[in-house]
Structure formats: C-alpha cells, structure tokens
Amino acid sequence: MYSNTSSCVNVNNKLTDWFVTEKGCRQGDVTSPTAFSIIINDLLKELTSSGIGVKINDNLVVSVLAFADDIVLLTENAKDLQKLITIVRKWSFKWRFIINPEKSQVVHYRNAPKVRTNFEFRLHDNGPILKVVDSYKYLGVYLDEYLTFTQTTSVLASAGGRALGSMINRFKKMSDMGHSTYTKLYHSLLTPVTDYGSAIWGFKGYNDLDKVQNRASRFFTGVHKFAPTVGYTGDMGWISNRGRWKINTLRLWNRLVALDDNRLTKKIFIWDRNEHNLANKSNFCAQVKQILCDIKQKDSYRKLEAVDINYSEQQVRDGEISKWSNAVTKFSKLDLLAEIKPTFGTEEYLKMDLDRYDKSLLSQFRYGILPIEIETGRYKNLERKDRKCTLCNTGEIEDQLHFALKCPIFNQYRSAFVDKCRDRIVGRDILTDTGKISALFNEQARLFGKYLRKTFLHRKTLIYK
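In this text, all values refer to a predicted model and were calculated from it rather than measured experimentally.

K.L.:
Can you explain the side chain of Thr194? Please cite residues and give values.
P.N.:
Among the structural elements, Thr194 can be located in helix H5 (residues 191-194). Since its relative accessible area comes to 3%, Thr194 is described here as buried. A polar side-chain atom of Thr194 sits 3.4 Å from a polar atom in the side chain of Asp195. Apart from residues no more than four positions distant in its own chain, Thr194 is found in contact with Leu156, Gly160, Trp201, Leu209, Val212, Arg244 and Trp245.

Spelled out as structure tokens, the structure:
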C-alpha cells in the first residue's frame, strides 16, 4: 500500500532518528478501518459458513456480530462456542493476528435458576482458560447473564447524578433561571445520559434512575428528600422516566418497521415478533404490544405499522395524568393539594422568578411538609386531632389553612397581605378557605410567598422563645 515510507517519534518536541516502516498504516490514515474491514470480512464469512450459531429460522443462523474491531461470537451451547473460538484461532494464526486472551471473555446467558456453565473455553489447546464473566458491555449497554439490565441502569444513574450536579452548579450561577430553562437544561444534559438504550431496557421501572429525576425536581421546587413524590412530580409537570422510555421504545419500533426486509436486524425483529405471537414469549415485541394496547393503537402491532409518535406521546401523558389523579388522593398530607390542584401539570408559581426561599415555602405548604404542628406532630406520634396550634388559644389544629388564614398570632402580617391583594382576587369574599389558597397560588403567588416567609419566620422566633 505504501512504498519507501519512514517515520519518527516526537518526544518533548524532539524527534528521534528516522526508521523505515514496512507494516501497517500511518496513524490516523483513513485507509486503516477500510483495510481492517477487508481483512476481517474473510473471518466473518468463515464463521457464518460454519452453520454454528443461534438459529433464527430454517434459513438464518447468527454466528457473529461485528462492530469496528469488536467481535461477538454467538452459539446455543458451550461446545459450539468452542468450535467458533477454534475457527478464530486458526484464522488469526494464518494471518498473523494476535488475540489477547485477557480481553476475550465468555458470558453464559440464561434464566435465573440455571447455573453457570463450567465448560473450559480456550484460545489454544494448552493456552489459558478464558474467563466466564457475569456481564458484557456492548455498545455502551451492560448485558448481564440474566439480562436484567440492572447494571446498565446503575451505571447510567451514576452518570446522570454527576450530570445533575453539573446542571445544579449552572443553575446556582443563574439566579433568574425559570422552569422552562431548567427543563431544557435537564432534557439536554441528563435525559441523553439516563435514557441511553432505554428503547430495549425501558420496559419496566428502575428506582435508581427515578431517583435522579426526583432529585432534579426536588431541587427546583426547594423541598427535602422526604417530600411526597406525587406532590412535586405533579407540580413540575415532567413526564416520568417510564413514560419517556415508552416513547423511545415506540421510536425504535418505527425504525425497525421501516427497515429493508433483507437487513439482519429486520429478520431478527420479525423472528422476535413471531416468537411472541406463536409462543407468547415475553420479549421486546411483547413489551411494544403492551404499550400499544395501553394507548389504544393495538392495530399498529397487528398490521406491523409505524405509529404516530405525537399522538402516542399525548396518550402516554394522558395515562400519567390519570395515574397521578388517583395517587394524589392516597396521601393524607396531600389533602390540600388534591383540592387546589385539579390536574397534573406545571404550576404557575414554578414558572415565576420567585426568591428560592419563598418558592420553597410555597412548595412545602402545598405538599403538607411545612414544619408546623400538623406535620411535626407526626414525629411526636400525636393523633391528628391533637396537633393543635401551640401559639394561639383557638384550640384548632395547626394545618396549612389555620396557619395561613386563621391564626390570630399573625393578624398583623395577614391584614397587610389582605390589603395588598384585596382587589386582585375576583370573588374573594365568597370563596372557601381552600378556594382562597387556590386563588392565591394562581393569581398572587409572589405576594403569598412573601407573606409565608414573614409568618413562618415569626413563628420560628416564637417557638424558639
């Protein structure tokens, strides 16, 4: 390929003596991957022609997967795998390739009750035994021996946590960042990390990844990690991880449906679909079918058609709204939120450029975790009826309504607050107490946040005295 070529090495800005290069390609030369593909193609043909591998149908046996310089051998039993390894050994000896046994490993994929194989795999008759490991990283996805994908999600959650830390640092440097900007940052910096490969593993929930999104939501709303998840997820209005993963799975379905029938990927996809249809196997197509049934597009599965992603996203979101509406009524501390928040979606007060402390107080007030007697009494093992206000003599339970609207201790602050927003809330005089709170959040969140700050700080001063 080259003639009369020579090279030298640059060390600390000094060049070594020139030497003749008789083998290989120049570093960075575009011919290198092409030459490798030409050479390795003979090995792939030999492996495929052996007839050993995973039988897809009467006309197709998959023996090997190749990506760049990474080769994966596939068989249905240990003896056949050793036969393929022997083919690779003989080919590499013929063409003077050296295979590193330390980087060559075996994974035995199986159902959980079955024990791992004790077969000894060798590159050479008297060579070292290849390690049988519990997982293999392929194209960034960890495929463990039981195909649970827990290692994949754990690694992605760790990476997502680091990305979230970076995003939070940016947020702190931008004091006026609103909900829309924060959301764009999240979906630009985090979801590409946490959703990597979710089209194949996202058919169930993973707590470690949910924790990353929940942490991001808690930071923006200003609440602690013991806040009810249903509360802040409903106010943020973000679709859940599981919802996004469903859409990613449907996008992959669309790509597979559109593939040419002669592509290997398409053939395996059709085989996977037939395995579910004929043998009711729980596989990728089974998960797609369930998603399509949930969003009322089952015909797309039956007819092997692409789905409308925009319509699917809306259907998935509608399902999350319904699920949230049912969940919010199951927490006693969210009784007020259930009354003042009609549906799942981003709240107006989160869209405003409020002071972070004021926004935190508003969120705690909504989620029933503001440290007043109705909340702190839980940790004293007091019955709800005994969690009475200790600052006034009304004998009422100190819940959010009493604290904000009734307790006479805060009349001075309350009178000033009412004067400011008296003419700004339509029908204030005929509203119920919960109606007033709802109106304050929807129409006067900024004033209400400042009012809560004054009354809560005053309450702390009285309690500590």
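So that's the structure; there's more coming.
K.L.:
Any chance you could break down unusual backbone geometry for me, citing the residues and the numbers?
P.N.:
Of note, Asn12 is a non-glycine position whose phi angle comes to about 55°, a positive value. Following the sequence through the fold, Asn12 ends up in the loop between strand S2 (10-11) and strand S3 (14-15). Judged by relative accessible area, Asn12 falls into the exposed class, the value being 70%. A positive phi angle, close to 65°, is found at Asn13, a residue other than glycine. Residue position: Asn13 is located in the loop between S2 and S3. Judged by relative accessible area, Asn13 falls into the exposed class, the value being 75%.

K.L.:
So, the nonpolar core: which residues are in play, and what are the values?
P.N.:
One broad rule of soluble globular proteins: the nonpolar side chains tend to lie buried together. Counting 65 residues, the largest nonpolar core has Tyr182, Phe365, Ile437 and Phe448 as its most contacted members. What Phe448 contacts, discounting residues up to four positions off in sequence, is Leu362, Phe365, Ala404, Phe417, Ile437, Leu440 and Phe441. Formed by 19 residues, the second largest nonpolar core is a distinct cluster that contains Ile239, Phe269, Cys285 and Val288.

K.L.:
Outline the pattern of salt bridges, listing residues and values.
P.N.:
Following the criterion strictly, the structure yields 24 salt bridges and no others. Here Asp235 makes a salt bridge to Lys341, at a shortest N to O gap of 3.4 Å. Placement of Asp235 in helix H8 (residues 229-236) and of Lys341 in the loop between helix H14 (335-340) and helix H15 (348-351) is noted, with a sequence separation of 106 residues between them. Here Asp235 matches Lys341 in class, with each residue buried. Here Asp235 ties to Arg366 by a salt bridge, and the two come within 2.7 Å at their closest N and O atoms. In this pair, Asp235 sits in helix H8 while Arg366 sits in helix H16 (residues 356-367), placing the two residues 131 residues apart along the sequence.

Criteria and cut-off values
- Residues numbered from 1 in each chain as written.
- Predicted model: local features only at pLDDT ≥ 70, side-chain atom pairs only at ≥ 80, totals over all residues.
- Heavy atoms only, no water.
- Helix = DSSP H or I, 4+ residues; strand = E, 2+ residues; numbered from the N terminus.
- Buried < 20%, exposed > 50% of the residue type's maximum accessible area, 1.4 Å probe, protein only.
- Polar contact = N/O pair within 3.5 Å; in protein donor to acceptor, adjacent residues only side chain to side chain.
- Contact = heavy atoms within 4.5 Å.
- Core = buried A, V, L, I, M, F, W, Y, C linked by side-chain atoms within 4.5 Å.
- Salt bridge = Lys/Arg side-chain N within 4 Å of Asp/Glu carboxyl O.

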